[in-house]
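Summary of the model geometry
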Amino acid sequence: MELCDHTAAHLCTLLKNGKISSKEITESVFQRIDKREKVINAYISVFREKALLQAKAADKKFSKKEQPSLLNGIPIALKDNVCTRDLTTTCGSNILKNYLPPYDATAVKKAYQHGMIGIGKTNMDEFGMGSSTENSIVGPTRNPVNTEYVAGGSSGGSAAAVASGETVLALGTDTGGSVRQPAAFCGIVGIKPTYGRVSRYGLISYASSLDQIGVLGRTVEDCTMLLQTICGPDRNDSTSADIQDNDFLSSLNNNIKGLKIGLPNEYFNTGLDKKIKDNILKAVQLLEKNGADIIDISLPHADYAISAYYLIATAEASSNLARYDGVRFGLRAKNCYDDIKEMYENTRYLGFSTEVKRRIMLGTYVLSAGHYQAYYLKAQKIRTLIKQDFEQAFKKVDIIISPVTPTLPFKLGEKASNPLEMYLMDLYTVSLNMAGLPGMSVPCGTIDGLPAGFQIIGKPFDEKTVLQTGHLYQQLTGA
Amino acid sequence: MKEKISKKQIEYIAKLTGLRIDNKEIDSFSKELKSILEYVSTLHELDTESIEPLSGLKTHKNAWRDDTPGTEENTGTILRNAPEKEKHYFKVPKIKED
């Protein structure tokens, strides 16, 4: 086991006691990148020199006997749809291949202010549109557990980097499951916080009413430390929540005696891999043995979530992606146009992949005259029902436990030919984005050598209970 | 509700989106959008007559700030991303009336 394989919590203790330096951790991460990146392909770009400079500065803070921040000196990978000043931010797209942001996203800025070491920008499905990280300008990311399999998506690069030791922590983004699903596929922890918990300033938009920045790490404790570091209100993002209480760590070790855990019937009955179900129920039993009450609940509109989600997400995407027009930034098609309109059309033809075009087309269709009411407005009404389902459930229970994915990881190329089949991977995750709820994917063993995970869902802004439950489970199972 | 999407409709939608799509894509998009719309048509099973649409989550108080003027010296860093520019301006091809 090298330094890059340890938990952030353990590395923090070693750093604080002067046993190791941030430089050594950072070098260990880059050694691992040199060794495995050719196969894993977790990164779109890495910034070695900048990272080593940051490590030097972090080490200085320790030697000065200042009180450095919690995660001072710990490496972090950044998904390539969060802006990094003067460092290319591509969104996995040809249309932003050379884009150099003029500023850092707030989440990135906070990580740097706390002394974290930026390792590089991680691979993703173009604009977050995918569930396998196969749809990117730099090709697919492979699952470090078994490289014949996908890492999940769209934050597959972030998940694979954490799982392979190519970073210690990572930022991801989650519009319909894009942090939680790759975390489950790669056997690590991933959190999508409540909508509004983390500033989205500097996050390149996919579907603004659903997008949220999240965190990935090896343990619940590691993710808690990172979440605490990057969350909070931001004057540059008016949709960030005006909530100052962001201390999740001090209550992390609280017990769960009397905690009411809901199991939604609809999530365990149809389409779920039997072995995944067994593993999740074992985890639930363990929590029950340690003081939790298990209660059956119902989310009656669960079956409609995927349909409503894809209509809303694509509609918002078709509007958000209208900005890529070859005028102010990004690609411009060369010398094959007579006027500005042709330039727009040719630029977007060359710049977007088929999947992105497909979603822009679907989104435009459902917003167009004659279809708006039947599809877009209908989907928004279903969204109300889905949110109400959770509100009803949370009158009876404190948290909900569910699957993250209906199946184990699939092989590269396996679902490439059928877009609808890929969309169905998000069955258990999209509802949280529709209702704005926090959710965390926690590993629960392996099946046929592949990782399985379960999802803990909380009330809005009750990350604390979600984290406590996940942390206790990991303590009990020795993760 | 059975959905049919003609090639003509696909071309019309492509025009609305400002996308050029080739013949092969017209064919595949018309099939794929049709199958996706068929899948989502289960939504029509639900009577939502009296349900309010949800367009944004109102779970929290937004972090508003005062609207005070400030200055940012970043014209250069913004313009360096321009595919074509002249002095302090973005440069575009000619604009024709339809």
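The following paragraphs examine the structure supplied in this document.

Calculation rules
Throughout this document, residue positions are counted from 1 along each chain, in the order its sequence is written. Whichever chain is written first becomes A and whichever ligand is written first becomes 1, with later ones labelled in order. Since the coordinates come from a predicted model, pLDDT governs what is reported: local features require at least 70, and pairs of side-chain atoms require 80 or more to be given and counted, while whole-chain, interface and lining totals use all residues. Only runs of H or I of at least four residues qualify as helices and only runs of E of at least two qualify as strands under DSSP, and these elements are numbered from the N terminus. Within these notes, the globule rule equals 2.2 Å times the number of residues to the 0.38 power, and the radius of gyration is based on C-alpha atoms. Residue burial is a threshold on neighbouring C-beta atoms within 10 Å of the residue's own C-beta, all placed from the backbone, with 20 or more meaning buried, 12 or fewer meaning exposed, and counts in between meaning partly exposed. In this description, a residue-residue contact is defined by the distance between C-beta atoms placed from the backbone, which must lie within 7 Å. Whether two strands pair comes down to DSSP finding at least two bridges between them. Fitted lines through C-alpha atoms give the axes, limited to the stretch in contact for helices. The angle between two N-to-C directions lies from 0 to 180 degrees. Charged means Asp, Glu, Lys or Arg here, nonpolar means Ala, Val, Leu, Ile, Met, Phe, Trp, Tyr, Cys or Pro, and polar covers whatever is left, Gly included. Angles are sorted into four bins: roughly parallel if under 35 degrees, roughly antiparallel if over 145, roughly perpendicular if 65 to 115, and oblique for all others. In this description, a nonpolar core means buried residues of the types Ala, Val, Leu, Ile, Met, Phe, Trp, Tyr and Cys, linked to one another by C-beta atoms lying within 7 Å. The seven residues ending at a residue and the seven starting there each receive a fitted axis; the angle between those axes is the bend at that residue.

**With respect to the overall build of chain A**
Summing up its helical and strand segments, chain A has 16 helices and 11 strands in all. Its C-alpha atoms give chain A a radius of gyration of 21 Å, near enough to 23 Å, the size a compact globule of 479 residues would have. With respect to the principal axes defined by its C-alpha atoms, chain A has extents near 65 × 55 × 45 Å. Residues counted as buried form 62% of the 479 residues belonging to chain A. Long-range contacts, defined here as pairs at least 24 residues apart, represent 76% of the contacts in chain A between residues at least 6 apart.

**Focus: the overall build of chain B**
Looking only at helices and strands, chain B has three helices and two strands in total. If you list the helices and strands of chain B from N to C, you get α-α-α-β-β. Seen through its principal axes, chain B has C-alpha atoms that stretch 55 × 45 × 25 Å. Looking at chain B as a whole, 13% of its 98 residues qualify as buried.

**Digging into the sheet that holds strand E9 (residues 399-403) of chain A**
Residues and elements named next belong to chain A. Read from one edge to the other, the open sheet built from 11 strands follows the order E1-E3-E2-E4-E6-E5-E10-E11-E9-E7-E8, with strand pairing classed as mixed. This sheet does not close on itself; its edge strands, each paired only once, are strand E1 (43-46) and strand E8 (293-297). Neighbour-to-neighbour, the strand axes of the sheet open up by a mean angle of 30 degrees, direction not taken into account. Across the face of the sheet, helix H9 (residues 274-289) comes into contact with strand E7 (260-264), E8, E9, strand E10 (439-447) and strand E11 (450-458) while running at roughly 115 degrees to E10.

**Details of the interface of chain B and chain A**
Opposite the 47 residues of chain B that make contact, chain A presents 58 residues. The set of elements that each furnish at least two residues to the side of chain B that touches chain A consists of helix H1 (7-17), helix H2 (23-40) and helix H3 (75-79) of chain B. With seven residues, the top contributor of residues to the side of chain B that touches chain A is H2(B). Taken together, the residues of the side of chain B that touches chain A break down into 25 nonpolar, 13 polar and nine charged.

**A short note on the packing of helix H12 (residues 354-367) of chain A against H1(B)**
What describes two packed helices is the angle between their axes and the distance between those same axes. Between H12(A) and H1(B), whose axes approach to 9 Å, the crossing angle comes to 95 degrees. The orientation of H12(A) relative to H1(B) falls into the category roughly perpendicular. Across the interface between the two elements, A:Ile360, A:Met361, A:Thr364 and A:Tyr365 of H12(A) pack against B:Ile13, B:Ala14, B:Leu16 and B:Thr17 of H1(B). The residue makeup of the contact of H12(A) with H1(B), split by class, is six nonpolar, two polar and no charged.

**Regarding the environment of B:Leu79**
By the secondary structure assignment, B:Leu79 is in helix H3. In the structure, B:Leu79 is positioned 11 residues away from B:Phe90 in sequence and 7.6 Å away in space, judged by C-alpha atoms.

**A word on the nonpolar core**
Membership of the largest hydrophobic core comes to 153 residues, with the highest contact counts inside it found for A:Ile74, A:Ile76, A:Ala159, A:Ala308 and A:Leu311. The leading source of residues in this core is helix H10 (residues 305-320) of chain A, at 10 residues. Apart from residues lying up to four places away in sequence, A:Leu311 is in contact with A:Val366, A:Tyr375, A:Tyr376, A:Ala379 and B:Val40.

**Observations regarding helix H2 (residues 22-40) of chain A**
All names here are of chain A. Maximum bend of H2: about 45 degrees, positioned at Asp34. Considered for burial, the residues of H2 that qualify are Ser22, Ile25, Thr26, Ser28, Val29, Arg32, Ile33 and Ile40. The inward-facing, buried residues of H2 contact helix H1 (8-16), E1, helix H3 (48-63), strand E2 (75-79), strand E3 (117-122) and helix H5 (156-164). Looking at the residues trailing H2, positive phi occurs at Asn41, about 60 degrees.

**A look at the environment of A:Ile95**
All names here are of chain A. Among the structural elements, Ile95 can be located in the loop between E2 and helix H4 (106-113). The buried category is assigned to Ile95, around which 26 C-beta atoms lie within 10 Å. A sequence separation of 23 residues divides Ile95 from Gly118, and the C-alpha atoms of the two residues are 24 Å apart. Contact partners of Ile95, with chain neighbours within four places excluded, come to Tyr324, Gly330, Leu331, Gly351 and Phe352.

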